[in-house]
Amino acid sequence: MGWSGLICAFLIAACCCCRRAAGVPGEAEQPDPELVEVEVGGTALLKCGPSHSQGNFSHADWFSVHKEKPTLIFRVRQGQGQSEPGEYQNRLSLQDRGTTLALTGITPHDERIFLCQGKRPRSQEHRIQLRVYKAPEEPLIQVNALGISVNSEEPGEVATCVGRNGYPLPQVTWYKNSQSLKEEKNRVHIQSSQIVESSGLYTLRSVLKAQLTKEDKDAQFYCELSYRLPSGNHMKESREVTVPVFYPAERVWLEVEPEGMLKEGDRVEIRCLADGNPPPHFSISKQNLSTREMEEERTDDNGVLVLEPAQKEHSGLYECQGLDLETTASLLSDQQELVVNYVSGVRVSPAAPEIQEGSSLTLTCEAQSNQDLEFQWLREKTGKVLAKGPVLQLRNLKREAGGGYRCVASVPSVPGLNRTQLINVAIFGSPWMALRERKVWVKENSVLNLSCEASGHPRPSIVWSVNGMASEQDQDPQSVLSVLNVLVTPELLETGAECVASNSLGRNTTVIILELEKKLTEPESKGVVIVAVTVCVLVLAVLGAVLYFFYKKGKLPCGRSGKQEITLPPSRKGEFVVEVKSDKLPEEMGLLQGSNGDKRAPGDQGEKYIDLRH
């Protein structure tokens, strides 16, 4: 270096020293700007100096610094403010006697440095760093509905997490069963991206990819967004999701519904189950008892074998075969025995007993079952239990003992499993009827159905003494019901109808008397009597209460006379007089007797019964 170079270097160094010594503005090292934090939509309060500053800010200029380029946005002259044209023109105002500049409607675009330059009494600068915040919306998570195979060589997509409209960009963390996930080569990969909206807010999109195993089939995945606000750090969590995980089956087995002891008549479902997802293709086979070979059974569209109703022939050995359509691997279940409990072949001997009246009879019941049986005997017409055990002894039978007897064979160990057999005991005898004479109320010229029932063995036949259309119905093997359809004529009213039942051992008769219905039928007349008696009793009760009231007030003198006038106040004198008589009217006596059953109403007619058992 020559002398000229040395002289230049010395002059430059001297100049710099002089500039630092003179304190030239802008050249000295500047302090860190003051930090102001505001949420989007809020108002930022910008002070032209530190809070402890005592300077005079009645004359100052405000600048917005963007990309290191200051732009004048506001002037303060003698304590009065004026906005400069531009993006901040309608959003700025002075507060605190001109020491504070208020910026409203904060957006992410406002995050920058603002500079205040005071002019009097000396030039000074104050820088403010404005930080803007906005909490993101609730994170949305979308699971991969197509699922992930455990046989995949690369991590599969588990779910996507989206956090919208946050500022600054939030941080995302993925969790599996409440444990955070980190990047792991060939195991976990998290791919995140962001979009800057026109508003300046960020939308974050994060995709979780992972290599899953069979144990992850019920794993719960969710994402968490972490962000900051002026109030501090915050976070939001998405809902939990489960991704379908596909894995091959390792075993298959049979399941039978309902569980427990099965019986004939049940609806039984046999289905195959496997521990793979998706389940393999199933087939169900049953062992042929003759060949001992397994033969495939026909199942429904869901691969379920339905036995309805189940029969004892359905008992046997069953097995399930599962075929994985992806790997073509075949799995076979253990054989399972199905037992359908049954009761069959219930029979009673003798099968159709016929005996004379006064004789004895022994009935024996038999049945087949794969379980221990219990027997009991019931009377068919009453349902009464007569005996327990396979044998029923009937001694000195009367004609009333004829009819149905039922043997019930049941399996105590299988609730609801029973079978029955009904037999009819026929006792020889001439026909008998419940009534010898019966009265029927009719309307003249109306069509009427007359019925007549007779029992006996051999089975009786019935004929009518009048013409009409007759039909017969068997009530049981020993009883018959005959119904005659006739027109009510004066001749029929005069003669009535006669029902004659006969068999080889005798005959019997029921006479039906026809009576015209009166204007006031028997039930209606009884109702009138009851109403009349009720009204009389109520009237007497009211009169008695009135008399007792005046008697207690001392306004009813006692005497032997059957007729007394009640003394009333002058204002009520002559309003009413109560007359009490001790003699009852004959009509009242008759009504009271009728109501107590001492006398029948004129239309009261009873049916006549005759005992034909002796």
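Residue numbers here run from 1 along each chain, matching the order of that chain's written sequence. Since the coordinates come from a predicted model, pLDDT governs what is reported: local features require at least 70, and pairs of side-chain atoms require 80 or more to be given and counted, while whole-chain, interface and lining totals use all residues. Think of the side-chain values as coming from all heavy atoms in the structure, minus any hydrogens and water.

A. Focus on the nonpolar core. Nonpolar cores were defined as sets of buried Ala, Val, Leu, Ile, Met, Phe, Trp, Tyr and Cys residues, with membership established by side-chain atoms within 4.5 Å. Exposure categories follow from relative accessible area, calculated using a 1.4 Å probe and restricted to protein chains: below 20% of the type maximum is buried, above 50% is exposed, and the middle band is partly exposed. Leu363 and Tyr405 are the most contacted members of the largest nonpolar core, which has 23 residues in total. Secondary structure elements follow DSSP: runs of H or I no shorter than four residues count as helices, runs of E no shorter than two count as strands, and numbering proceeds from the N terminus. Secondary-structure elements contributing two or more residues to this core are strand E30 (343-349), strand E32 (361-369), strand E33 (374-379), strand E35 (391-394), strand E36 (403-410) and strand E37 (418-432). With 4 residues, the top contributor of residues to this core is E32. The contact criterion used is simple: two residues touch if any of their non-hydrogen atoms lie within 4.5 Å. In contact with leucine 363, not counting residues within four places along its chain, are Val348, Ser349, Pro350, Pro353, Trp377, Pro390, Val391, Leu392, Leu394, Tyr405, Ile423 and Val425. Counting 22 residues, the second-largest nonpolar core is a separate cluster that includes Leu46, Tyr88, Leu101 and Leu103.

B. Fine view of the sheet that holds strand E16 (residues 202-210). Note on pairing: DSSP must find at least two bridges between two strands before they are called paired. With antiparallel pairing, 4 strands are arranged side by side in an open sheet as E10-E12-E16-E15. Sheet topology places strand E10 (140-143) and strand E15 (188-196) at the edges, where each strand pairs with a single neighbour. In this sheet, adjacent strand axes meet at a mean angle of 15° when their direction is disregarded. In the sheet, E10 pairs with strand E12 (residues 156-166) via 4 bridges, with the strands oriented antiparallel. What sits directly across from leucine 140, in E12, is valine 162. Axis lines are fitted through C-alpha atoms, for helices just across the contact stretch, and the angle between N-to-C directions can take any value from 0 to 180 degrees.

C. Expanded view of unusual backbone geometry. In this structure, proline 168 follows tyrosine 167 across a cis peptide bond, with omega equal to -10°. Inspection of the secondary structure puts proline 168 in the loop between E12 and strand E13 (171-176). Residue histidine 457 is joined to proline 458 through a cis peptide bond whose omega torsion reads 0°. With respect to the helices and strands, proline 458 occurs in the loop between strand E39 (447-457) and strand E40 (461-464). Within the chain, asparagine 186 stands out as a residue other than glycine whose phi angle is a positive 65°. On the secondary structure map, asparagine 186 appears in the loop between strand E14 (179-180) and E15.

D. Fine view of the packing of aromatic side chains. Put simply, two rings from Phe, Tyr or Trp (the six-membered ring, in Trp's case) pair if the centres are within 6.5 Å, and we call them stacked under 30 degrees between planes, edge-to-face over 60, tilted for the rest. In this structure the tally under the stated criterion is 3 aromatic pairs. Between tyrosine 88 and phenylalanine 114, the ring centres sit 5.8 Å apart and the planes meet at 75°, which makes this aromatic pair edge-to-face. In this pair, tyrosine 88 sits in the loop between strand E5 (80-83) and strand E6 (92-95) while phenylalanine 114 sits in strand E8 (residues 113-118), placing the two residues 26 residues apart along the sequence. Per residue, the accessibility class of tyrosine 88 equals that of phenylalanine 114, and both read buried. Judged by centre distance (5.6 Å) and plane angle (10°), the ring pair of tyrosine 167 and tyrosine 202 falls under stacked. Residue tyrosine 167 is located in the loop between E12 and E13, and its partner tyrosine 202 is located in strand E16; the two are separated by 35 residues in the primary sequence. Relative accessible area serves as the criterion here: at 22%, tyrosine 202 is assigned to the partly exposed category. In this analysis the charged atom, NZ for Lys or CZ for Arg, is taken to sit over a ring once it is within 6 Å of the ring centre and within 35 degrees of the ring normal. Taking NZ or CZ as reference, arginine 251 lies 4.1 Å from the ring centre of tryptophan 253, over its face.

Distances and angles like these do not, on their own, reveal function.
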